[in-house]
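This is what each chain is made of:
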Amino acid sequence: MTDEPLPDFPPDFRWGVSTAAYQIEGAAGEDGRGPSIWDTFSHQPDRIGDGSTGDVTCDHYHRYAGDVALMADLGVRTYRFSVAWPRIQPAGQGAPDPRGLAFYDRLVDALLERGIEPAVTLFHWDLPQPLQDAGGWTNRDTAARFGEYAEIVARALGDRVALWMTLNEPFIHFALGHLLGLHAPGRQLLDDPFPVVHHQLLGHGLATAAIRRHASGGVAIANNYSPAWAVGPDGTPDTADGADRAAAVAYDAFHNRLFTDPLLRGRYPDGIDQLAGVDPDRVVLDGDLDIISARLDVLGVNYYQPTGVRAPAPDNPLPFDLTALSGYPTTAFGWPVVPAGLTQTLVMLADRYGDALPPMWITENGCCYDDKPGPDAVVADHDRIAYLDAHIRAVRAALDAGVRVDGYCVWSLLDNWEWAEGFTKRFGLVHVDFDTQRRTPKASYAWYRDLIARTR
Ligand code: PNW
């Protein structure tokens, strides 16, 4: 880690932290909450690495007041959290359950009392199970249902939320949930995946319209981006050849453009039929792309790592193979630590979309390490401090290159339930003992608090 003092940021830059409902709330059956696809998935055998579920996680549903106090002491200006659709509409449609809305009402008020701006994600992957039973995102009706749900939440919280994110990482939900089957709903729709892409985007557009009608905050989406790096046999760019570079272009379109070109350019990237394997005209109806490309106030950028890409092996039907990058330190997930990839992502988006690009926020960035409290109860997570320091400098480098970024949210406030990895991957600034629910701020929490205080 460099000894250079951290560079300045604009005084109104939003420093924040992010979480998601299913990963922290617990209280899975309480106050009328219906089942989501993640309840179903995590209760199936062999889906989750450590056999755990999201039934309790951080018990944030009951402990939110203490968690808000932790954020207030941290000094964040923004808290990005998600609303659990199955708490609002247990069946995914129909009248809202007032108890579910009341929870988010209390949370939003507690944040505002502490001077923290609420930034709400409407869909962080916990689709109501009854909608999945009707086809989930393969069914065009799910987009309409999402628009109705967005309207309910916008009406209830619309006077107090600073920023609305419709979807979290629709690409990851598509790729891990609907192609690889590693996330809920555990599907491998290899023959006809494209409807899941398009209906999520249509849902985004319909939700955007509902938010505009009923709420005062800005509208955003939180996309995952990963620079596609062509690499050769040794896992470095040095040995890449032309075929590897062509594969990287194809992967870039798949990961970075599939969900962003329609939003910001009103059309799918060229070669979509090859990527998605279908005739898009069957799925994309007249007027859809106008709904999808409605103006955004912010583009949320979730960044973790670049992706190593090679020319596909002969038996691979896809136009790329993915491979580990060598030569970088890795987190406990095995993800390479490449801060320059964040600058590259931000500059790439600015170059690609030009005037069509709204201001960006980093809506997630962070890392997992095997953090344990020491004998003195201190969690000395110096790897995380180095990671965050380097990535925040990478954001500053993008600002210096003329790119507009207005906020940065660490993933995550708390150690939480990391999807298919269960409790084994700790991303928090605050350590959580999942037996006792004891919260212990890590060294990175104090480091981030100091950083925020210096820029205020
Ligand atoms: C994001 N990948 O998920 C999610 O938005 C968070 O809920 C999650 O906890 C966080 O990142 C850390 O994983 C991702 O395979 C899951 O590249 C997988 C990938 C990226 C992001």
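In case you missed it, the structure is sitting above this.
These lines cover the structure that appears in this document, whether it is placed above or below. None of these values were measured; they are calculated from a predicted model.

Rules used in this analysis
- Residues numbered from 1 in each chain as written.
- Predicted model: local features only at pLDDT ≥ 70, side-chain atom pairs only at ≥ 80, totals over all residues.
- Heavy atoms only, no water.
- Pairing = 2+ DSSP bridges.
- Helix = DSSP H or I, 4+ residues; strand = E, 2+ residues; numbered from the N terminus.
- Axes fitted to C-alpha atoms, helices over the stretch in contact; angles between N-to-C directions.
- Contact = heavy atoms within 4.5 Å.
- Polar contact = N/O pair within 3.5 Å; in protein donor to acceptor, adjacent residues only side chain to side chain.
- Core = buried A, V, L, I, M, F, W, Y, C linked by side-chain atoms within 4.5 Å.
- Buried < 20%, exposed > 50% of the residue type's maximum accessible area, 1.4 Å probe, protein only.
- Near = heavy atom within 4 Å.
- Areas by Shrake-Rupley, 256 points an atom, 1.4 Å probe, with all protein chains shown as cover.
- Salt bridge = Lys/Arg side-chain N within 4 Å of Asp/Glu carboxyl O.
- Parallel < 35°, antiparallel > 145°, perpendicular 65-115°, else oblique.
- Left-handed = near helix turned anticlockwise from the far one by under 90°.

A few words on the sheet that holds strand β6 (residues 228–230). Ordered by their spatial adjacency, three strands build an open sheet running β6-β8-β9, and the pairing between neighbours is mixed. Edge positions in the open sheet fall to β6 and β9 (321–323), since each of these has one partner strand only. With strand direction ignored, the average angle separating the axes of adjacent strands in the sheet is 45 degrees. One ladder, built from three bridges, connects β6 with strand β8 (residues 307–310); its direction is parallel. Its bridge partner lying in β8, Ala-230 is registered against Val-309.

Glancing now at the environment of His-431. Its place among the elements puts His-431 in strand β12 (residues 430–433). Separated by 58 residues in sequence, His-431 and Pro-373 have C-alpha atoms that sit 7.9 Å apart. Those residues within four positions of His-431 in sequence are excluded, and the remaining contacts are Asp-371, Lys-372, Pro-373, Val-379, Asp-415, Arg-426, Arg-438, Arg-439, Thr-440 and Lys-442. Here Arg-426 takes part through its side chain, which lies 3.4 Å from a polar atom of the side chain of His-431.

Let us now look at the nonpolar core. In this structure, Val-17, Trp-38, Tyr-104, Tyr-408 and Tyr-448 are the most contacted members of the largest nonpolar core, which totals 133 residues. With eight residues, helix α15 (residues 382–400) is the largest single contributor of residues to this core. Leave out the neighbours within four places in its chain, and Tyr-408 touches Phe-13, Arg-14, Trp-15, Gly-16, Ile-362, Asn-365, Leu-388, His-391, Ile-392, Val-395 and Tyr-448. Residues Ala-119, Met-165, Val-298 and Trp-361 belong to the second largest nonpolar core, which totals seven residues.

Strands sit in the order β1-β2-β3-β4-β5-β7-β10-β11 around a closed barrel of eight strands; the barrel is parallel. Ignoring strand direction, the axes of neighbouring strands in this sheet form an average angle of 25 degrees. One ladder, built from four bridges, connects strand β3 (residues 117–123) with strand β4 (residues 163–168); its direction is parallel. Within β4, the position partnered with Ala-119 by the bridge is Leu-163.

A word on the site of the ligand. If you check the shell around the ligand, you find 16 residues, and the closest are Gln-23, His-124, Glu-364, Glu-418 and Trp-419. In the environment of the ligand, an oxygen atom lies 2.9 Å from a nitrogen or oxygen atom belonging to the side chain of Asn-168. The separation between an oxygen atom of the ligand and a polar side-chain atom of Glu-169 is 3.1 Å. Against a free-state accessible area of 450 Å², the protein chains account for coverage of 90% of the ligand.

Bringing the environment of Pro-86 into the picture now. Note that Pro-86 resides in helix α4 (residues 85–88). A residue is classified by how much of its surface remains accessible, and Pro-86, at 0% relative accessible area, is buried. In this structure, Pro-86 is in contact with Gly-32, Arg-33, Gly-34, Pro-35, Ser-36, Asp-126 and Pro-128, ignoring residues within four places of it in sequence.

Moving on, we come to the pattern of salt bridges. Throughout the structure, instances matching the rule amount to 32 salt bridges. Arg-352 is the salt-bridge partner of Asp-252, the closest N and O atoms lying 2.6 Å from each other. Taken together, the residues span a long stretch of sequence, with Asp-252 in helix α10 (residues 242–257) and Arg-352 in helix α14 (residues 340–353) at a distance of 100 residues. With a closest N to O distance of 3.0 Å, Arg-257 and Asp-261 form a salt bridge. Exposure remark for Asp-261: the relative accessible area of 0% places this residue in the buried category. Linked through salt bridges whose partners overlap, the residues forming this network are Asp-371, Asp-381, Arg-384, Asp-415, Arg-426 and Lys-442.

The N-to-C vectors of helix α8 (residues 170–179) and helix α9 (residues 194–214) enclose an angle of 150 degrees; their axes lie 10 Å apart at closest approach. Taken together, α8 and α9 sit at an angle that is classed as roughly antiparallel. The chirality of how α8 crosses α9 is right-handed. Contact residues: Pro-170, His-173, Phe-174 and His-178 in α8; Val-196, Val-197 and Gln-200 in α9.

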